[in-house]
Every structure is written in structure tokens, then in C-alpha cells.
Amino acid sequence: MTSERDLSRNEVVRRCERCETETRHEVRISIERTTDGEDVAPQNEKYARSPSRITVCLACGSETRQRRVQHD
Ligand SMILES: [Zn+2]
């Protein structure tokens, strides 16, 4: 059984669409460029990056990517 106590800090329990049940997922935050970056001035560079949250099902390995971290 999965309990909150067994989770690492970067793990969450959420429903996996592939497993069709709640499983443990590893959470990664990936900073990705939203442009190819070649023509971005240094002072604008932070606006060309967007954090994506990637959760990986530890049962089946399926990755779910959210384009932006939600502000709600
Ligand atoms: Zn899964």
C-alpha cells in the first residue's frame, strides 16, 4: 500500500491515465526555452524561459507534462 509517509519529497500520488488508478509519480521541474533563443537579448532571456512540471508515473513510466506551473 502507498502511504504519504513513504513518499519522497519529489513524489506525489495522483491518478495515472494509463494505469487507471492512483500511483506514485516523480515530479520534475524543467526550465525550457520557449524560443530557439538565438535572437533573445540578455535582458529578455528570463521571459524566454518557461517552467514545465513533468510527472513520471513510477508504475508504468508514462510522463505527463504541464506547459506552465499553475498559479492558482
Ligand atoms: Zn502509470
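Every value quoted in this text rests on a predicted model; they were computed, and no experiment measured them. (Residues numbered from 1 in each chain as written. Predicted model: local features only at pLDDT ≥ 70, side-chain atom pairs only at ≥ 80, totals over all residues.)

Undergrad: An account of the environment of V12 is needed here, citing residue identities and associated values.
TA: With respect to the helices, strands and loops of the structure, V12 is situated in strand β1 (residues 11-16). Under the C-beta neighbour-count criterion, V12 is labelled partly exposed, with 15 such atoms within 10 Å. Separated by eleven residues in sequence, V12 and T23 have C-alpha atoms that sit 8.3 Å apart. The contacts of V12, once residues within four sequence positions are left out, are H25, V27 and T55. (Helix = DSSP H or I, 4+ residues; strand = E, 2+ residues; numbered from the N terminus. Buried ≥ 20, exposed ≤ 12 C-beta atoms within 10 Å, placed from the backbone. Contact = placed C-beta atoms within 7 Å.)

Undergrad: How would you summarise the environment of G61 if you had to cite specific residues and measurements?
TA: Tracing the chain through its elements places G61 in the loop between β3 (49-57) and β4 (63-66). Between the alpha carbons of G61 and R18 there is a distance of 9.6 Å; along the sequence they are 43 residues apart.

Any functional reading would require information beyond the geometric quantities listed.
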